[in-house]
Amino acid sequence: FVLILSLFSVLLALGGHTPLLRLLYDAGIATSIRYPEKFLMIAIFAIIIFTAKMFDRMLGGDDGVRDAAMGFVLATTIVAVAITLLGFTRWYADAFMGLWGLQGASGKKMVDISHTGWMIAAARGATLFALLWSLRRIKRPVWLVLMGAFLAADLGPVVHQLNPRMPAAFFREKPEALREFPEDRRQFRIFHEADWYGQEAPARKYFSTGDAVYWIVRNGLYPMTPAGHGLSMAIERDYDKTALLPTIDFTESVWDVKREGREDWWRPMMAMSNAWYRATYRPFDEERKRVKGNMKVAQPLDFTLIERFPRYYFADAMVTVTDRRHFVKEVVSAKHGERTAFVYGPSFQPAEGVVQQYQETANTATIDIEATGRSFLVMSVTPNKHWKITVDGQPVQPIVTNVGYQGIEVPAGRHTVGMQYRNELGVAGMKISTTALLLLLGAAVWPVKSAAADPHCL
């Protein structure tokens, strides 16, 4: 059963490397799946449970399980001993360096590390074999202590690789860069431009500072760390591939505007995105000199306040664009103001308006506005079919604006605009999960009659 689960799990986890995922996608079954690698967790979970049960059986006196484990450990130990002995010859070094394309002093160092690893593997296998052999020969409490010591010695040297950690000060102390921002951080976003230049000279220098690199990421508020300090980002890299298509189109448009040669390319795009601050690299040599070589306290970036661009605003002009390329062309021309709305649809000359105040939650927004006539309210919020927008309680249809955002037409007068994000599929999924949880809890606490206690059980 575990083998079947594992094979099924691996087949799904291979994703596009087999025809299965494409067949499921074309059938409409797997259209919402990202990162098929996660399905390997099915196999991992099954193997963990299987391992625990076998260990429990072995402790309970099942010598068949113990003998099988001893045989497997002995076989792997013999292989490790053979490679260890081979490592003392020139053949091992030549084969290792040839296989991995290594040469020179660095190649020799890797050979030595590899050989040491095989020696440790041989010693570890021999120790574990001895522990399994002694299971029936020494008292169980003593054996369990020895097994615990073996596990600690086995995992101890690599625990920081398995579960990286930092000192408490790394999390307790606030990055100095936070002083650049006002206390109310809900009103603005940051264009972390520096994060896009990972292959440029300044980035390579800052990220070649050994174990200080973690502090560089922290001090520079690199994604995804800003969220932990109540900061929002805009025009950022899609690290986890969860950005919606309008956001992807807008981000590509930003870099197209830059490539087309507009000198202040970042300004109109920041204005559309409610981005007040722009993050750029500090000269590496100057910063290293300032901190006297202690790069753990270095501040790699400058966060420059460009302008307090609003999140909700009334457009002073509207331009119809047919697609993303048309949008880029209009922005590059630099003939439009920063409050021009580029819309996928008919345009008109909008009247003036004022955003008096707004309130936001995780999935709602309420905006109080006043318009002098037929106007157009721009909202730097990603368009999505799950947004429901109303004006004075009456539903209105939003228009894709500036490629990656949305807007609505507003009549003259004072109004309250309501926005609510609600995904009915998510609600249905929550109901299913809740029902499954209740059933599992019921199964866990429901009394089960033991077969051995039933006189009618054969």
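All values derive from a computational prediction rather than experimental measurement.

(A) Up close: the overall build of the protein chain. A tally of regular secondary structure across the protein chain gives 16 helices and 15 strands. Dimensions of the protein chain, computed from C-alpha atoms along their principal axes, come out at roughly 90 × 75 × 45 Å. Burial analysis of the protein chain (458 residues in total) assigns 34% to the buried set. The long-range fraction of contacts in the protein chain, counting pairs at least 24 apart against all pairs at least 6 apart in sequence, stands at 70%. With the model as given, the accessible surface of the protein chain reaches about 28,200 Å², and the carbon-plus-sulfur share is 62%. The positive charge centre, built from 51 side chains, and the negative charge centre, built from 44, are 7 Å apart in the protein chain.

(B) A look at the pairing of strand β14 (residues 405-410). Within β14, 5 of the 6 residues are buried, which leaves the element mostly enclosed by the surrounding structure. Bridging between strand β10 (residues 375-379) and β14 involves 5 bridges; their strand directions are antiparallel. Paired with V378 across the bridge in β14 is G407. As paired strands, strand β13 (residues 399-401) and β14 are joined by 3 bridges and run antiparallel to one another. Note on β14: the bridge partner recorded for T401 is Y405. Linkage of β13 to β14, two consecutive antiparallel strands, is achieved through a turn of 3 residues, within which N402 is found at a positive phi near 55°.

(C) Representation of the packing of helix α5 (residues 90-100) against helix α6 (residues 104-133) within the structure. Following both chains from N to C, one finds α5 and α6 inclined at 115°, their axes separated by 10 Å at the closest point. One way to sum up the angle between α5 and α6 is to call them roughly perpendicular. The chirality of how α5 crosses α6 is right-handed. Contacts between α5 and α6 involve Y92, A93, F96 and M97 from the former and G104, G107, K108, M110, V111, S114, H115 and W118 from the latter. Along the lines of polarity and charge, the residues of the contact of α5 with α6 split into 7 nonpolar, 4 polar and 1 charged.

(D) Here's a closer look at a nonpolar patch on the surface. Residues V10, L14, L40, M41, I44, F45, I48 and I49 make up a contiguous nonpolar surface patch of roughly 720 Å² in combined accessible area. Locating V10 in the fold gives a position in helix α1 (residues 2-13). With a relative accessible area of 37%, V10 lands in the partly exposed category.

(E) Main features of the packing of helix α3 (residues 40-59) against helix α7 (residues 140-155). Interhelical geometry of α3 versus α7 gives an angle of 145° and a closest axis separation of 13 Å. For the pair formed by α3 and α7, the contact residues are F55, M58 and L59 on the first element and R140, W143 and L144 on the second. Per-class residue counts for the contact of α3 with α7 are 5 nonpolar, no polar and 1 charged.

(F) Up close: the nonpolar core. Counting 47 residues, the largest nonpolar core has F181, F250, M269, F303 and F327 as its most contacted members. Elements with a contribution of two residues or more to this core: β1 (189-191), α10 (201-206), β2 (232-234), α12 (245-259), α13 (266-272), β3 (275-281), β4 (301-305) and α15 (324-333).

(G) Just unusual backbone geometry, in detail. The residue after P223, namely M224, is reached through a cis peptide bond having omega 10°. Phi angles above zero are rare outside glycine, and K241 is one such case at about 55°. Tracing the sequence through the fold places K241 in the loop between β2 and α12. The backbone of D392 sits at a positive phi, close to 55°, despite the residue not being glycine.

(H) Quick look at the packing of aromatic side chains. What the rule picks out here adds up to 22 aromatic pairs. Ring geometry for F181 versus F303: centroids 5.4 Å apart, planes at 75°, classification edge-to-face. Residue F181 is found in the loop between α9 (168-172) and β1, and its partner F303 is found in strand β4; the two are separated by 122 residues along the sequence. Comparing F181 with F303, the two get one shared label, buried. Three or more aromatic residues joined by ring pairs form one cluster here, namely F181, F188, W276, Y277 and F303. The side chain of R218 reaches across the aromatic face of F170, ending 5.7 Å from its centre. Between R374 and the ring centre of F348, over which it is positioned, the NZ or CZ distance is 3.8 Å.

(I) View of the sheet that holds β3. Strands sit in the order β2-β1-β3-β4 across an open sheet of 4 strands; the sheet is mixed. Each edge of the sheet is formed by a strand with only one pairing partner; in this case those strands are β2 and β4. Strand-to-strand twist across the sheet, computed as the mean angle between neighbouring axes with direction ignored, equals 35°. Across 5 bridges, β3 lies against β4 in antiparallel orientation.

(J) Focus on α6. The terminal C-alpha atoms of α6 lie 44 Å apart, and with 30 residues this matches the ideal 44 Å at 1.5 Å per residue to within 8%. Those residues of α6 that fall on the buried side of the exposure criterion are G107, V111, S114, H115, A121, A122, G125, L131 and L132. Contact partners of the buried residues in α6: α3, α4 (63-86), α5 and α7.

(K) View of the sheet that holds strand β11 (residues 387-391). Here 5 strands make up an open sheet; going across it, the order is β8-β9-β15-β11-β12 and the pairing antiparallel. On the outer flanks of this sheet lie β8 (353-360) and β12 (394-396), each paired with one strand and no other. Averaged over all adjacent pairs, the angle separating strand axes in this sheet is 25°, with direction ignored. As defined by bridge partners, strand β9 (residues 364-371) adjoins strand β15 (residues 413-421) across 8 bridges and the pair is classed as antiparallel. Residue pairing for β15: A371 is matched across the bridge by G413.

What counts, and at which threshold
- Residues numbered from 1 in each chain as written.
- Predicted model: local features only at pLDDT ≥ 70, side-chain atom pairs only at ≥ 80, totals over all residues.
- Heavy atoms only, no water.
- Helix = DSSP H or I, 4+ residues; strand = E, 2+ residues; numbered from the N terminus.
- Buried < 20%, exposed > 50% of the residue type's maximum accessible area, 1.4 Å probe, protein only.
- Contact = heavy atoms within 4.5 Å.
- Areas by Shrake-Rupley, 256 points an atom, 1.4 Å probe, with all protein chains shown as cover.
- Lys, Arg positive; Asp, Glu negative; His and termini not counted.
- Charge placed at Lys NZ, Arg CZ, Asp CG, Glu CD.
- Pairing = 2+ DSSP bridges.
- Axes fitted to C-alpha atoms, helices over the stretch in contact; angles between N-to-C directions.
- Parallel < 35°, antiparallel > 145°, perpendicular 65-115°, else oblique.
- Left-handed = near helix turned anticlockwise from the far one by under 90°.
- Nonpolar A, V, L, I, M, F, W, Y, C, P; charged D, E, K, R; others polar.
- Patch = residues over 30% accessible without salt bridge, like charges linked within 9 Å, V, L, I, M, F, W, Y side chains within 5 Å.
- Salt bridge = Lys/Arg side-chain N within 4 Å of Asp/Glu carboxyl O.
- Core = buried A, V, L, I, M, F, W, Y, C linked by side-chain atoms within 4.5 Å.
- Phe/Tyr/Trp six-rings, centres within 6.5 Å; stacked < 30°, edge-to-face > 60°.
- Lys NZ or Arg CZ within 6 Å of the ring centre and 35° of its normal.
- Expected span 1.5 Å × (residues − 1).

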